[in-house]
Amino acid sequence: MFDFNCDVAQSYGIYKNDVELEIAKYASSINVSAGFHSGDPIKIRSALLFAKDNNIALGAHIGYPDIQGYGKRKIDLSKEELEAVVIYQVGAIIAYAKTYDLEIEQVRCHGALKDTLNNSEEDALVIIEAVKKVSPWLNLIVQSQQMKEFVQNAGLKAAYEKDYFEGILSNSEDKPDTIHFRTLEDIKTAYEIVKPSPINYNRVQEQI
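Participant: Got a minute to help me understand the pairing of strand β3 (residues 57–62) in this structure?
Facilitator: Each regular strand displays side chains that alternate between the two surfaces of the sheet. With six of six residues buried, β3 is to be regarded as a mostly interior element. On β3, burial covers both faces: Ala57, Gly59 and His61 on one face and Leu58, Ala60 and Ile62 on the other are all buried. Across five bridges, the pairing between strand β2 (residues 29–33) and β3 is parallel. Of the residues in β3, the one forming a bridge with Val32 is Ala60. Following the chain from β2 across helix α2 (residues 41–54) to the adjacent parallel β3, one finds a crossover that is right-handed. Here five bridges tie β3 to strand β4 (residues 104–109), and the two strands are oriented parallel to one another. In the strand pairing of β4, Ile62 is matched with Cys109.

Participant: Help me out: how do you make sense of the side chain of His37 in this one?
Facilitator: On the secondary structure map, His37 appears in the loop between β2 and α2. Residue classification places His37 among the buried residues on the basis of a relative accessible area of 0%. For His37, the side chain forms a polar contact with the side chain of Gln10, separated by 3.1 Å. Within the local environment of His37, its side chain forms a polar contact with the side chain of Ser38, the two groups lying 3.3 Å apart.

Participant: Before we go on, may I ask you to explain the packing of aromatic side chains in this structure?
Facilitator: How two aromatic rings sit relative to each other is set out by the distance from centre to centre and by the angle between their planes. This model, assessed by the stated rule, comprises five aromatic pairs. Measuring from centroid to centroid gives 5.3 Å for Tyr26 and Tyr191, while their planes differ by 75°, and the two rings are edge-to-face. Highlighted residues: Tyr26 in the loop between α1 (20–24) and β2 and Tyr191 in helix α8 (residues 184–193), separated in sequence by 165 residues. Residue Tyr191 is classed as partly exposed on the basis of its relative accessible area of 26%. With a centroid separation of 6.2 Å and 25° between ring planes, the pair formed by Tyr96 and Tyr100 is classed as stacked. Owing to a relative accessible area of 24%, Tyr96 belongs among the partly exposed residues under this scheme.

Participant: For this particular structure, what's the right way to read the sheet that holds β2?
Facilitator: In sheet architecture, strand pairing relies on hydrogen bonds along the backbone and comes in two forms, parallel and antiparallel. Pairing is parallel in the closed barrel, where seven strands are placed in the order β1-β2-β3-β4-β5-β6-β7. In this sheet, adjacent strand axes meet at a mean angle of 35° when their direction is disregarded. With respect to the sheet, α2 is in contact with β1 (3–8), β2 and β3, its orientation differing from that of β2 by roughly 165°. In this fold helix α6 (residues 145–153) packs onto β5 (139–142) and β6 (157–163), with an angle of close to 165° to the strand it touches most, β6.

Conventions adopted
- Residues numbered from 1 in each chain as written.
- Predicted model: local features only at pLDDT ≥ 70, side-chain atom pairs only at ≥ 80, totals over all residues.
- Heavy atoms only, no water.
- Buried < 20%, exposed > 50% of the residue type's maximum accessible area, 1.4 Å probe, protein only.
- Helix = DSSP H or I, 4+ residues; strand = E, 2+ residues; numbered from the N terminus.
- Pairing = 2+ DSSP bridges.
- Right-handed = clockwise from strand over helix to strand, strands pointing away.
- Polar contact = N/O pair within 3.5 Å; in protein donor to acceptor, adjacent residues only side chain to side chain.
- Phe/Tyr/Trp six-rings, centres within 6.5 Å; stacked < 30°, edge-to-face > 60°.
- Axes fitted to C-alpha atoms, helices over the stretch in contact; angles between N-to-C directions.
- Contact = heavy atoms within 4.5 Å.

And the structure:
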């Protein structure tokens, strides 16, 4: 059983992403951009209401404070600064979701912050501890089994993610918990192969 996830609210100002909620119709969980790499309050609101109306599990999609570079540029931050960046974004999505009686289930890092999480155990530990400070039952989405074990050993739940072509189409025994989608065509194709189910570790059953 797989979770299908995609990123939403990745618009701000005049920059629009009109296809993301079409992709989300086939997903079992969505990651709501928290405003640092993309996402504005109106788009975040639309994503939360979409999740509520369609019984989709929620996550926070967090990145470096780099809206001009779409979060793809690594920013050198102290441990205190990195912790603050994570806490602020996760906390914002949790608080916004609560206004619609929703809970978030997972945290997914974006762009350069995702690379930092998966490639630096020192920085990964800062991110893990920051998420735990906000809510210790959240799942942190990671991109390797090794990092999943590292996160779990640090006391936080984790979900191992692969991209679509690695996840469903691969015959590998290295099976993910969740599969990430970027295009409508891919998720529709995958949906014909297997129907998704959300990452079901914590409170998601109460939400859906």
